[in-house]
Amino acid sequence: MDSIHITSALISVYDKTGLDILVKELDSQHVTIYSTGGTYNFITQLGINTIKVEDLTGYPSMLDGRVKTLHPAVFGGILARRDEDHLGQLTKYNLPRIDLVAVDLYPFEKTLETTDDGNQIIEKIDIGGVSLLRAAAKNHHSVVVISKRDQYYKVARWLHENNGSTTLAQRTLLAYESFQVTSHYDTVIGNYFAEKSGNIHSLRYGENPQQRARFIGDTTPIFKQLSGKELSYNNLVDVDAAINIISEFKNEDPTFVIIKHTNPCGVATRPTVMEAWKTALACDPTSAFGGIIISNSGLDIETAKEIDQLFYEVVLAPEYGEEVVELLSKKKNRIIIQLYSMEMPEIQQKTLLGGTIQQDADLLPIEEENFHQVTKSTIPSDRKEDLIFGIKCVRHLKSNAIAIVKNRQMIGSGVGQTSRVDALNQAIDKAKRMGFDLKGSVLASDAFFPFADSVELAHKSGIQYIIQPGGSVRDADSIKYCDDNEMAMYFTGVRHFKH
């Protein structure tokens, strides 16, 4: 049913600011009003008739007000579908139908800001109010739910303009807002208990010393800290980035990744752990200073001795050989972490604009069978693994991003640039400064080339192979340039923006 005429309402609010506007409109529409405690007193002082909830339930408010509305006489009228069966049951048990519920919850969040008294805080956890809101929102096909005071005027206007009725679209919007209110309310309460139980960890500070920070969650299924100072906000952000990229290599030969400000600055895969470490460090020894080191393989003592020569913040590995932890933890501030899992959440979320956005994590498998050769030239079969390696690297770089790889080593990277050609210039410049020969290397791009200028620049630097999503209206220009200069290019059809 779309239009519902309001005949009865239950009102139980903590903050009564603006409530008079709604109550007067309901009274003008001859709506029967049920109310509790202080709300009852407020409405009667307006000269408007209202019925006490205890007269409806047959029970007084009890347990210092903890139990007022939790009764079938209240919830039956809210939750009943407006069909013959449910309405018949209401009639059988002499229960009124309730078409509108208005609740303003106890101010738990504000109470936290004003007192540390545990008893006062606990008493501001609203039980009946949350239950009323959830019940009314669930039955929004038939019930109007008002969950915050800034809705009083809006709903009063709707009722005035529609002769005491509301539309399904209006009720659906109010139901959504109601669940947002109860979700936030429960989150704040959950965080309070998480802090009391030790599942919220206050951090030294946030990204910068002037920013307060805390971690809410449980890392124990993912890793265990073996030694070192407490993980900072920035450490946690970088550790998350490190685990995300190393998960690409969890079933492969020994691989090291070095992270700096969430971007990999060194990535290499080799037959042995020692070779992988030395090759990853060689990608960019300067940026590796003070970074995060992660390995997909256990660390032996000889590799640990090499790592020990570098200043770093955190090292993560699934296993540590005898004497390794003792060696690496001699410098007290170094954080040594044993990695239990390389599996990352399938859903990502972040807060912005006062809300939260969510998306599926970019976990699409990178497989050679999904690469499409679009040029006459091809890459030698023994080099195809660099196509996969390049995409694994570039999708963990901030966009616009370019990764240049050669023999399972990232020899150059362009990160966070405002144009793709700038990212490529940065990657080429870094590779040359680090002493790498670009001839025969693979260029991986997180998104398509809008023009052929990037392909031309790559060719002039010695790059022979390119892998990119494709999809530009000027793809043909890039393909022609590659064909004219015997370069091989592959399209993946998948973009990997990272912001």
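Heads up: the structure comes first, above all this text.
Computed from a prediction, not measured in an experiment: that's the story for all the values here.

Thresholds, definitions, all that
- Residues numbered from 1 in each chain as written.
- Predicted model: local features only at pLDDT ≥ 70, side-chain atom pairs only at ≥ 80, totals over all residues.
- Heavy atoms only, no water.
- Helix = DSSP H or I, 4+ residues; strand = E, 2+ residues; numbered from the N terminus.
- Buried < 20%, exposed > 50% of the residue type's maximum accessible area, 1.4 Å probe, protein only.
- Pairing = 2+ DSSP bridges.
- Contact = heavy atoms within 4.5 Å.
- Axes fitted to C-alpha atoms, helices over the stretch in contact; angles between N-to-C directions.
- Parallel < 35°, antiparallel > 145°, perpendicular 65-115°, else oblique.
- Left-handed = near helix turned anticlockwise from the far one by under 90°.
- Core = buried A, V, L, I, M, F, W, Y, C linked by side-chain atoms within 4.5 Å.
- Nonpolar A, V, L, I, M, F, W, Y, C, P; charged D, E, K, R; others polar.
- Polar contact = N/O pair within 3.5 Å; in protein donor to acceptor, adjacent residues only side chain to side chain.

### A short note on unusual backbone geometry
Most peptide bonds take the trans configuration, and most residues that are not glycine carry a negative phi.
Stage number 1. Geometrically, the link from S399 to N400 is a cis peptide bond, its omega value of -15 degrees lying close to zero.
Stage number 2. By the secondary structure assignment, N400 is in the loop between helix 16 (385-394) and strand 19 (402-405).
Stage number 3. In the Ramachandran plot, L353 falls in the positive-phi region, its phi being about 50 degrees despite a non-glycine side chain.
Stage number 4. Residue classification places L353 among the exposed residues on the basis of a relative accessible area of 89%.
Stage number 5. You will see that E486, though not glycine, has its phi angle at about 55 degrees, which is positive.
Stage number 6. Looking at where E486 falls in the secondary structure, it is placed in the loop between helix 19 (475-484) and strand 23 (488-491).
Stage number 7. Taking relative accessible area as the criterion, E486 reaches 66% and is therefore assigned exposed.

### A look at the sheet that holds strand 21 (residues 442-445)
In a beta sheet, neighbouring strands are held together by backbone hydrogen bonds and run either parallel or antiparallel to one another.
Stage number 1. Read across the open sheet, the six strands follow the order 18-23-22-21-19-20; overall the sheet is mixed. With partners counted over all chains shown, the strands left at the sheet margins are strand 18 (372-373) and strand 20 (410-414), one partner each.
Stage number 2. Relative to the sheet, helix 19 contacts strand 22 (465-468) and strand 23, its axis offset from that of strand 23 by approximately 150 degrees.

### Considerations on the packing of helix 17 (residues 420-433) against helix 18 (residues 453-461)
Packed helices, taken two at a time, are described by their axes: the angle between them and the distance between them.
Stage number 1. Where helix 17 contacts helix 18, the two axes come as close as 9 Å, and the packing angle between them is 10 degrees. When the axis of helix 17 is compared with that of helix 18, the two are roughly parallel. Where helix 17 crosses over helix 18, the handedness of that crossing is right-handed. Counting all contacts with helix 17, which are made through R420, V421, L424, N425 and I428, the residues of helix 18 involved are D453, S454, L457, A458 and S461.

### A few points about the sheet that holds strand 12 (residues 263-269)
Stage number 1. The strand order across the open sheet built from six strands is 10-15-14-13-11-12, with neighbouring strands paired in mixed fashion. Both outer strands of the open sheet, strand 10 (223-227) and strand 12, are each paired with one neighbouring strand and no more. The sheet shows a mean angle of 20 degrees between the axes of neighbouring strands, taken without regard to direction.
Stage number 2. Pairing of strand 14 (residues 312-317) with strand 15 (residues 335-339) involves four bridges; the strand directions are parallel.

### Considerations on the nonpolar core
Stage number 1. One finds I11, L22, L26, I78, L100 and V155 to be the most contacted residues of the largest nonpolar core, which totals 50 residues.
Stage number 2. The element contributing the most residues to this core is helix 10 (residues 168-196), with seven residues.
Stage number 3. Ignoring anything within four residues of it in the chain, the contact list for V155 reads L22, L100, V144, I146 and L174.
Stage number 4. Residues I259, L316, M342 and A403 belong to the second largest nonpolar core, which totals 44 residues.

### Some thoughts on the packing of helix 9 (residues 152-161) against helix 10
Stage number 1. Here helix 9 crosses helix 10 at 165 degrees, and the two axes come no closer than 12 Å. Regarding the angle of helix 9 to helix 10, the classification is roughly antiparallel. Where helix 9 crosses over helix 10, the handedness of that crossing is left-handed. Listed contacts from helix 10 to K154, V155 and W158 of helix 9 are Q170, L173, L174 and E177.
Stage number 2. Counted by class, the contact of helix 9 with helix 10 contains four nonpolar, one polar and two charged residues.

### Considering the side chain of S341
Stage number 1. Summarising the element assignment, S341 is placed in the loop between strand 15 and strand 16 (347-352).
Stage number 2. Given a relative accessible area of 17%, S341 falls into the buried group.
Stage number 3. Here E343 takes part through its backbone nitrogen, which lies 3.1 Å from a polar atom of the side chain of S341.
Stage number 4. Setting aside its immediate chain neighbours within four residues, S341 contacts P221, I222 and I243.

Any link to function would need more than the numbers given here.
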